[in-house]
Amino acid sequence: MQSMVEFSSYRRDFSELPGLQEAKTLCYILEARQTKGPTRYGIHVTETCQSGVICEKTHFFTCYRIQAEHLLTYLYENAVPAAQCISVISDACAAIKWEDKNDTSPNSIVNCG
């Protein structure tokens with residue numbers, strides 16, 4: 001059985017700028033999925049446009065909670081859209097050689113994806 005816990009979230013509102021951008025809202029939520037193995041963190045991104053179009057993406061990965069929180073903050077501060085968040089998370093997990101909390105060998109890479 002898996003239980004889901006929401007830790008933190010950010011919301012970013014964008015103004016309509018005629019000819020430049022449509023008004024929209026981006027929401028970033030950090031969740032944790034507790035399983036029999038290591039905790040898997042998920043970042044859920046929702047993008048809602050003024051026209052009512054909604055794009056939602058969620059990506060789960062394994063790392064320390066603080067690393068997941070830093071990644072959530074990075075997505076928010078850089079206003080990464082929902083359609084690109086999975087690619088950005090995957091690239092970040094591959095580029096940052098996070099150490100697995102259960103592995104003592106140097107440079108161990110955490111499972112992302």
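Placed above this text is the structure.
What you see is a predicted model; the values in this text were computed from it and never measured.

Draft legend 1. Main features of the packing of aromatic side chains. One pass over the structure, following the stated rule, counts two aromatic pairs. Relative to Tyr-76, the ring of Tyr-10 has its centre 4.5 Å away and its plane inclined at 15 degrees; by these criteria the two rings are stacked. Separated by 66 residues along the polypeptide, Tyr-10 in strand 1 (residues 3-14) and Tyr-76 in helix 1 (residues 65-77) bring together distant segments of the chain. Accessibility expressed as a relative area gives 30% for Tyr-10, which makes it partly exposed. Measuring from ring centre to ring centre gives 6.2 Å for Tyr-28 and Tyr-76, while their planes differ by 80 degrees; the resulting arrangement is edge-to-face. One end of the pair, Tyr-28, is in strand 2 (residues 24-34); the other, Tyr-76, is in helix 1, and 48 residues separate them in sequence. Here Tyr-76 falls in the partly exposed class, since its relative accessible area comes to 22%. Among the aromatic residues, ring-to-ring pairing joins Tyr-10, Tyr-28 and Tyr-76 into one connected group. If you follow Arg-12 out to its NZ or CZ, it ends over the ring of Tyr-76, 4.3 Å from the centre. Here the basic side chain of Lys-24 rests over the ring of Phe-14, its NZ or CZ set 5.2 Å away from the ring centre.

Draft legend 2. Just the pattern of salt bridges, in detail. By the definition in use, this model includes three salt bridges. Linking Glu-47 and Lys-24 is a salt bridge whose minimum nitrogen-to-oxygen distance equals 3.4 Å. One end of the pair, Glu-47, is in strand 3 (residues 40-49); the other, Lys-24, is in strand 2, with 23 residues separating them in the sequence. The partner of Arg-65 in a salt bridge is Glu-69, and the shortest N-O contact between them spans 2.9 Å. Placement of both Arg-65 and Glu-69 in helix 1 is noted, with a separation of four residues, approximately one turn of the helix. For Glu-69, a relative accessible area of 22% puts it in the partly exposed group.

Reading guide: rules and limits
- Residues numbered from 1 in each chain as written.
- Predicted model: local features only at pLDDT ≥ 70, side-chain atom pairs only at ≥ 80, totals over all residues.
- Heavy atoms only, no water.
- Phe/Tyr/Trp six-rings, centres within 6.5 Å; stacked < 30°, edge-to-face > 60°.
- Helix = DSSP H or I, 4+ residues; strand = E, 2+ residues; numbered from the N terminus.
- Buried < 20%, exposed > 50% of the residue type's maximum accessible area, 1.4 Å probe, protein only.
- Lys NZ or Arg CZ within 6 Å of the ring centre and 35° of its normal.
- Salt bridge = Lys/Arg side-chain N within 4 Å of Asp/Glu carboxyl O.

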